[in-house]
Each structure stands twice: as C-alpha cells, then as structure tokens.
Amino acid sequence: MTATTAAPLAGSRPAGPRHVALIMDGNGRWAKQRGLPRAMGHREGVQALKRTIQAAPDLGIECLTVFGFSTENWARPEEEVSDLMGLVRSYVASDLNRLDREGVRLRILGRRRGLPSDIAAIIERAEAQTANNDRFLLQVAFNYGARADVVDAAQKHIDRLMAGEPVGPITEEALQGNLATSAAPPLDLIVRTSGEQRLSNFLLWEAAYAELVFQDILWPDYGPQALAEAVAQFGGRERRYGGLQAAPARVAG
Ligand code: IPE
Ligand code: IPE
Ligand code: MG
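The structure contained in this document is the topic of the report that follows. Please read these numbers as outputs of a predicted model, since none were measured by experiment. (Residues numbered from 1 in each chain as written. Chains lettered and ligands numbered in written order. Predicted model: local features only at pLDDT ≥ 70, side-chain atom pairs only at ≥ 80, totals over all residues. Heavy atoms only, no water.)

1. Concerning the site of ligand 1
Alright, step 1. Asp25, Gly28, Arg29, Arg38 and Arg76 are the nearest of the 13 residues found near ligand 1.
Alright, step 2. Within the contact set of ligand 1, an oxygen atom lies 2.9 Å away from a side-chain nitrogen or oxygen of Asp25.
Alright, step 3. Here an oxygen atom of ligand 1 and a backbone polar atom of Gly26 are 3.4 Å apart.
Alright, step 4. Relative to its free-state accessible area of 370 Å², ligand 1 is covered by the protein chains to the extent of 86%.
Alright, step 5. Its atoms largely coinciding with the cavity grid, ligand 1 occupies the second largest pocket.
Alright, step 6. Element by element, the count of residues in the shell around ligand 1 is highest for helix α1 (residues 27-33), at three residues. (Near = heavy atom within 4 Å. Polar contact = N/O pair within 3.5 Å; in protein donor to acceptor, adjacent residues only side chain to side chain. Areas by Shrake-Rupley, 256 points an atom, 1.4 Å probe, with all protein chains shown as cover. 1 Å grid on protein atoms, 1.4 Å probe; cavity = no way out; pocket = protein on both sides within 12 Å on 5 of 7 lines; lining within 4 Å. Sits in = over half its atoms within 2 Å of the grid points. Helix = DSSP H or I, 4+ residues; strand = E, 2+ residues; numbered from the N terminus.)

Next comes the structure, spelled out in structure tokens:
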C-alpha cells in the first residue's frame, strides 16, 4: 500500500474532505433576480468567496481550489471580462497581506499568457509572497481550462526530454506532477452551485475519483453553512476506487 492509499488509523483524522474544489456559479442570475448589473453579482461573489475561505479550515479542509475565470469565459462581453479582471486586482490588494499572515499559500492555476500584464505581475507577487506558507492552500483557477492544463503538462514533459533531462516515458505520475494542481492533496470533492450539473472544463484529470455535489444556491449567497452542507453530503458517500469495499473517505498524505 502506498502512502496515498493507506487507511488512516481509526479516529486519527477527520473523515471530511482534505481538498475541495468549488465551481462558483450563478453570479449573473443572482444579479438578474435583483434587477442589478451582472458586475454586482460578481462583486457579491467575492464576498461569498471570502466567507467560504474563512470557514474551510474549521471543516478540516486543507486546500480549496476555486474556479474564477475559465479559458472559455473570454467569450463574454468585453465589459464583463474587464469587471472580472478588476476584481482580481482589488481582491489581491485588499486580502493578500491578511491571507499571508494567516499562513495561506496562494497559487493561481491557469495560463499566464493572454492575461493583462499587470494581472500576471500581481499573480507572481502573490505567489512569491505566500510561497512558504503551509497552514492552508488556496488555489484560484484563473484563465484556466483543464484540457489546456493537461496539454501543457504533456508539453513540459516533451520539453524536458528534448533538453536531455532523464524524465523517462510519460506515466500517470509524471503527467500529474506537471499539472497546475501538483502541490495540492488528491481532490476529494467538487461542488458546483446554481443547480448546473457539469464540470465546464474544470479539473478533468483530478476529478477522476472525486465526489460531486451540486447545490441549488447561487454563488453570491454561499458561505459557511452551505459549505458545511456539502461536506456533510460528502460524509455520506462511499468511495470504492473501483474495488468492492469502501475506502476511507479521506486518504492519508
Ligand atoms: C460564475 O457566475 C462566475 C464566473 C463564471 C466568472 P456566472 O457569471 O457564470 O453566473 P450565471 O451562470 O450567468 O448566473
Ligand atoms: C464555469 O462557469 C466557470 C466559472 C465558474 C468561473 P460558467 O458559467 O462559465 O460555465 P457554463 O458556461 O455555464 O458551462
Ligand atoms: Mg455561469
């Protein structure tokens, strides 16, 4: 048995998920219901994100990966794209130092190419400032697409091979180690809000044996209680990984 599949000693660790991914959907509908511009939905969505991050460690979660902007979201009107970029600037400006003090390591998943240059610089700075923190891992997927990430991981392998590095053949472990999420524990749970039931090109590789929870709540209304409900649903699941017996809900690491 390897370290990642070893059964934990009974009662030695919480049964909840270590790594939770959130598809934060429904900002636009939240705003529409109130006769507000979509930008207001996104702004409230940032508040929901802050509440949710604060609640995660108390639920035993060690890592949150949140979907902020997909490679497909460039198809939205220019004004909305620019609102979303603006929210990254203001979020990092207002929260980076506090997250750093709280021991949060921030990582941004997604292609830097194509982002406004000041956003790319903000991301670099936030990652560098928090690189040595180990209390909690917050991964924000921004300009992220799971297919693109797998392609990039394969390309990295090829580049190393061409450079004469002894990387060997492509294996699942090698490819996984090149993914944007390589610093995170195995993905346990994916939550999508707003009632939609699809992955929209999020964490396709990592989702292989993750549990899925779909909640009807619109993202700007999300917070500690909704997250606790998702974790409770996870607690009722039986994970078998292709075998016949339930594996521990949470793997050691
Ligand atoms: C999710 O909310 C946030 C982003 C995709 C950036 P949406 O903007 O997709 O909201 P709906 O789905 O239109 O309600
Ligand atoms: C997924 O939501 C992307 C984010 C939450 C950032 P979308 O609203 O873009 O997904 P689709 O278009 O409904 O599949
Ligand atoms: Mg949506």
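2. Looking at the packing of helix α2 (residues 38-55) against helix α3 (residues 78-101)
Alright, step 1. Between α2 and α3, the least distance of the axes is 10 Å, while the angle of their chain directions is 30 degrees. The pairing of α2 with α3 is recorded here as roughly parallel in orientation. Read as a crossing pair, α2 and α3 show a hand that is right-handed. Within the contact between the two elements, α2 uses Arg38, Ala39, His42, Arg43, Val46, Lys50, Ile53 and Gln54 and α3 uses Glu80, Asp83, Leu84, Leu87, Tyr91, Ser94, Asp95 and Arg98.
Alright, step 2. Of the residues belonging to the contact of α2 with α3, the class tally is six nonpolar, three polar and seven charged. (Axes fitted to C-alpha atoms, helices over the stretch in contact; angles between N-to-C directions. Parallel < 35°, antiparallel > 145°, perpendicular 65-115°, else oblique. Left-handed = near helix turned anticlockwise from the far one by under 90°. Contact = heavy atoms within 4.5 Å. Nonpolar A, V, L, I, M, F, W, Y, C, P; charged D, E, K, R; others polar.)

3. Some thoughts on α3
Alright, step 1. Between the first and last C-alpha of α3 there are 35 Å, a value that for 24 residues agrees with the 34 Å anticipated at 1.5 Å per step.
Alright, step 2. At Asp95, α3 shows its largest bend, some 50 degrees.
Alright, step 3. Listed in full, the buried residues belonging to α3 are Glu80, Val81, Leu84, Met85, Leu87, Val88, Tyr91, Val92, Asp95, Leu96 and Leu99.
Alright, step 4. Buried residues in α3 make contact with α2, β2 (63-70), β3 (104-109), α4 (117-130) and β4 (136-144).
Alright, step 5. One or two positions beyond α3, positive phi appears at Gly103, with a value near 85 degrees. (Expected span 1.5 Å × (residues − 1). Bend = angle between axes of the 7 residues up to and from the residue. Buried < 20%, exposed > 50% of the residue type's maximum accessible area, 1.4 Å probe, protein only.)

4. Considerations on the pattern of salt bridges
Alright, step 1. Per the counting criterion, the structure on display carries 18 salt bridges.
Alright, step 2. The closest approach of N and O atoms between Asp95 and Lys50, which form a salt bridge, is 3.2 Å. Placement of Asp95 in helix α3 and of Lys50 in helix α2 is noted, with a sequence separation of 45 residues between them.
Alright, step 3. Judged by its relative accessible area of 3%, Asp95 falls in the buried class.
Alright, step 4. Lys50 sits in the partly exposed class, given a relative accessible area of 22%. (Salt bridge = Lys/Arg side-chain N within 4 Å of Asp/Glu carboxyl O.)

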